[in-house]
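# Coordinate analysis (summary)
Given next are the chains, with one letter for each unit.
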Amino acid sequence: MSNETIYALSSGAVPSGVAVIRLSGAKTRDAVQLLTGDVPPARRASLRTIRLRNGSIIDSGLVLFFPSPASFTGEDCAELQMHGSRAVINALFEELETIDSVRMAAEGEFSRRAFENGKLDLVEIEGLADLIAAETEMQRRLAVEHSQGKLSRLYDSWAERLTRARALIEAELDFADEDDVPGSVSDLVWDDVGRLQVEIKSHLAHAHAGEIIRDGFKVVIAGAPNAGKSTLMNALARREVAIVTDVAGTTRDVLHVDLDINGFLVKLYDTAGLREANELVEQEGIRRATQVISEASLVLYLEDMAEGTRALQPIANAEVLRIGTKADISAGNGPDAYDLTISAVTDAGLVALRAAIAERLERQLGSHSLAIPSRKRQKDSLAECLKAIEAALVDPPAELDIRAENLRIAGNALGRITGRVDVENLLDVIFSEFCIGK
Ligand SMILES: Nc1nc2c(ncn2[C@@H]2O[C@H](COP(=O)(O)OP(=O)(O)OP(=O)(O)O)[C@@H](O)[C@H]2O)c(=O)[nH]1
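The name given to the protein chain in an unreviewed UniProt entry is tRNA modification GTPase MnmE, with the source organism recorded as Rhizobium gallicum bv. gallicum R602sp. The Subcellular location (unreviewed entry) field of the UniProt record for the protein chain holds the comment "Cytoplasm". Here is the UniProt Sequence similarities (unreviewed entry) comment for the protein chain, exactly as written: "Belongs to the TRAFAC class TrmE-Era-EngA-EngB-Septin-like GTPase superfamily. TrmE GTPase family."

Structural data, given as structure tokens:
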């Protein structure tokens, strides 16, 4: 597969002022020569006329050539910056197709080659995918941390400590009958493995924060029918996401919008009003509401202040903010009964509500560096690593060779995160997240 040369449009949708077409593989040099009449100097932007074989001009643009191994994929690579019209790109692609062993790239194929040629490890690749998909400032910061290798360096240093520990234990096993292996070496090894266990445990405890930053903080609006849930959702989203009527039980399904609050992705859900419902569709809506409430990180529990408590209490594992609604027409129970009062009609209280969501979010995240795991895959491997370390440290200790074997399992679990060990079966899943041209 990798003796084929691949090409793709790497910039966004056309038409665009400039489109970047990327090539990678052994035939890159030939393709550039064919299209421009020469191979421009390495890593320099050179203005060239790009032509078909018959001499007719496709377009002119900048050509950059990156000879192997100093390129993104590690192979010979080129980038053509041309005018971003469908016709220009089609003409170029048709010409490229005529070259033997040159074809359009599959999803994520450039990144996959970068991985296979040792240019990037899996955490860096995943970080890159996250950086390309980042919509909020915090997602960007987390992705940069991952794509720049900070997390990988941490995992590599842990794997190295485990390897060193194993080497010393193997030495002890080999020389078990001799007197000159000091017992204190063994103590030092197990002390360090103990410290590593504490470090990994604390790192894993921050995985939740990483997931919140990457996947979003789930905030669910719940309450009685007609409490003003959909109106609040629309006010926070600043657009008409949900249907608002004065008919109780309007919202049936769970609706969702993404908000950016202080640079964090907040996933806001509007749910069906909670009450004893006889009608089938409404019952299903309430079942779905209950489900999403149980998965929330924060519940906004709305109450029409004139009506007082009418809703079934939501069963939330998360923190609940009690919010009195329709402050413009009613003082109701009095503001003291609520954490916040709002009016979606006058916008009163909405700034305070956004601030309250941000405050809860930041409190749940805690303060720490962004060198934290953010994907289930990373979390699962860390948990596996920790389990094996625990088995190696169990009291009373197992036989030395079993303890060493557990350290090997722990090291492999770390190696799988960065892709340095045994990940062939994972690759298709990871690279399919990328679009063509990445
Ligand atoms: N005066 C006033 N009316 C409001 C306010 N918020 C909502 N309403 C009105 O209250 C009624 C119900 O609002 P919705 O947002 O549909 O309430 P809901 O909680 O989503 O209702 P269900 O979908 O039935 O669960 C509508 O007529 C809204 O216009 C508010 O802050 N002030």
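From this point on, the discussion continues.
A few words now on the packing of helix H5 (residues 137-147) against helix H8 (residues 207-215). With their axes 8 Å apart at the nearest point, H5 and H8 run at an angle of 125 degrees to one another. By the angle between their directions, the pair H5 and H8 is classed as oblique. The hand of the H5/H8 crossing is left-handed. Counted together, Met138, Gln139 and Leu142 of H5 and Gly210, Ile213 and Arg214 of H8 form the full contact between these two elements. Of the residues assigned to the contact of H5 with H8, the class counts are 3 nonpolar, 2 polar and 1 charged.

So, on to the sheet that holds strand E9 (residues 264-270). Spatially, 6 strands are ordered E8-E9-E7-E10-E11-E12 in an open sheet, and the strand pairing comes out mixed. In this open sheet, the two strands that pair with only one neighbour each are strand E8 (255-261) and strand E12 (340-341). Two elements, strand E11 (residues 319-325) and E12, share 2 bridges in a ladder whose sense is parallel. Among the inter-strand pairings, Gly324 is bridged to a residue of E12, identified as Thr341.

Turning next to the packing of aromatic side chains. A complete count under the given rule lists 2 aromatic pairs for this structure. On the numbers, 5.7 Å between centres and 45 degrees between planes, the contact of Tyr155 with Trp158 is tilted. Pair noted here: Tyr155 and Trp158 are both in helix H6 (residues 150-174), with a separation of 3 residues, about one helical turn. One exposure class covers both Tyr155 and Trp158, and it is buried.

Moving on to the pattern of salt bridges. With the rule as written, the count across this model stands at 32 salt bridges. Close ionic contact of Asp258 with Lys267 constitutes a salt bridge, the shortest N to O distance being 3.1 Å. Where Arg360 meets Glu359, a salt bridge forms, and the shortest distance between an N and an O atom there is 2.9 Å. Owing to a relative accessible area of 37%, Glu359 belongs among the partly exposed residues under this scheme.

The next point concerns the sheet that holds strand E6 (residues 102-104). Here 6 strands make up an open sheet; going across it, the order is E3-E4-E5-E2-E1-E6 and the pairing mixed. On the outer flanks of this sheet lie strand E3 (46-51) and E6, each paired with one strand and no other. The mean inter-strand angle of the sheet, taken between neighbouring strand axes irrespective of direction, is 30 degrees. Both E3 and strand E4 (residues 57-66) contribute to a ladder of 6 bridges, which runs antiparallel. Within E4, the residue paired with Arg48 across the bridge is Gly61. In the packing of helix H3 (residues 109-116) onto the sheet, contacts are made with strand E1 (5-9), strand E2 (16-24) and E6, and the angle to E1 comes to roughly 135 degrees.

Okay, helix H4 (residues 122-133) next. Side chains that are three or four residues apart share a direction in an α-helix, a result of its 3.6 residues per turn. Taking 1.5 Å as the rise per residue, H4 with 12 residues should run 16 Å; its terminal C-alpha atoms sit 16 Å apart, in good agreement. With 9 of 12 residues buried, H4 is to be regarded as a mostly interior element. Of the residues making up H4, those classed as buried are Leu122, Val123, Glu124, Ile125, Glu126, Gly127, Leu128, Ala129 and Asp130. At the N-terminal end of H4, a side-chain oxygen is found 2.9 Å from the backbone nitrogen of Val123, two or three residues along, and the residue is Asp121.

This paragraph deals with the packing of helix H1 (residues 28-36) against helix H2 (residues 86-97). Orientation of H1 relative to H2, taken along the N-to-C sense of each, is 125 degrees, at an axis distance of 11 Å. In terms of their interaxial angle, H1 and H2 are classed as oblique. Like other packed secondary-structure pairs, H1 and H2 cross with a definite hand, here right-handed. Facing H1, whose interface residues are Ala31, Leu34 and Leu35, H2 presents Leu92, Glu95 and Leu96. Looking at the contact of H1 with H2 residue by residue, the classes come out as 5 nonpolar, no polar and 1 charged.

Its place among the elements puts Ser367 in the loop between helix H11 (350-365) and helix H12 (376-393). Look at Ser367 and you get exposed, because its relative accessible area is 76%. Taking the C-alpha atoms as reference points, Ser367 and Ala209, separated by 158 residues in sequence, lie 9.4 Å from one another.

Next up on the list: the pairing of E11. Taken together, the 7 bridges between strand E10 (residues 298-304) and E11 define a ladder with parallel strand orientation. Looking at the pairing, Val299 lines up with Val320 of E11.

What follows concerns unusual backbone geometry. Glycine aside, residues mostly have negative phi, and peptide bonds are mostly found in the trans state. Cis geometry marks the peptide bond from Val14 to Pro15, where omega comes out at 0 degrees. Along the polypeptide, Pro15 turns up in the loop between E1 and E2. The linkage connecting Asp395 with the following residue, Pro396, adopts the cis geometry, with an omega of 0 degrees. For Pro396, the location among the structural elements is in the loop between H12 and helix H13 (400-418). Of note, Arg43 is a non-glycine position whose phi angle comes to about 55 degrees, a positive value. Considering the arrangement of structural elements, one finds Arg43 in the loop between H1 and E3. With a phi angle near 50 degrees, Asn262 is a residue other than glycine that sits in the positive phi range. In this structure, Asn262 sits in the loop between E8 and E9. With relative accessibility at 54%, the residue Asn262 sits in the exposed group.

So, on to the UniProt feature "binding site: (6S)-5-formyl-5,6,7,8-tetrahydrofolate" (unreviewed entry) in the protein chain. Under the UniProt annotation, the feature "binding site: (6S)-5-formyl-5,6,7,8-tetrahydrofolate" (unreviewed entry) is placed at Arg22, Glu79, Lys119 and Lys438. Mapping Lys119 onto the fold places it in the loop between H3 and H4. Contact partners of Lys119, with chain neighbours within four places excluded, come to Pro69, Ala70, Ser71, Phe72, Thr73, Gly74, Ala114 and Glu124. One polar contact links the side chain of Lys119 to the main-chain carbonyl oxygen of Pro69, over a distance of 2.7 Å.

Conventions adopted
- Residues numbered from 1 in each chain as written.
- Predicted model: local features only at pLDDT ≥ 70, side-chain atom pairs only at ≥ 80, totals over all residues.
- Heavy atoms only, no water.
- UniProt positions renumbered as here; feature names shortened; annotations may be inferred.
- Axes fitted to C-alpha atoms, helices over the stretch in contact; angles between N-to-C directions.
- Helix = DSSP H or I, 4+ residues; strand = E, 2+ residues; numbered from the N terminus.
- Parallel < 35°, antiparallel > 145°, perpendicular 65-115°, else oblique.
- Left-handed = near helix turned anticlockwise from the far one by under 90°.
- Contact = heavy atoms within 4.5 Å.
- Nonpolar A, V, L, I, M, F, W, Y, C, P; charged D, E, K, R; others polar.
- Pairing = 2+ DSSP bridges.
- Phe/Tyr/Trp six-rings, centres within 6.5 Å; stacked < 30°, edge-to-face > 60°.
- Buried < 20%, exposed > 50% of the residue type's maximum accessible area, 1.4 Å probe, protein only.
- Salt bridge = Lys/Arg side-chain N within 4 Å of Asp/Glu carboxyl O.
- Expected span 1.5 Å × (residues − 1).
- Polar contact = N/O pair within 3.5 Å; in protein donor to acceptor, adjacent residues only side chain to side chain.

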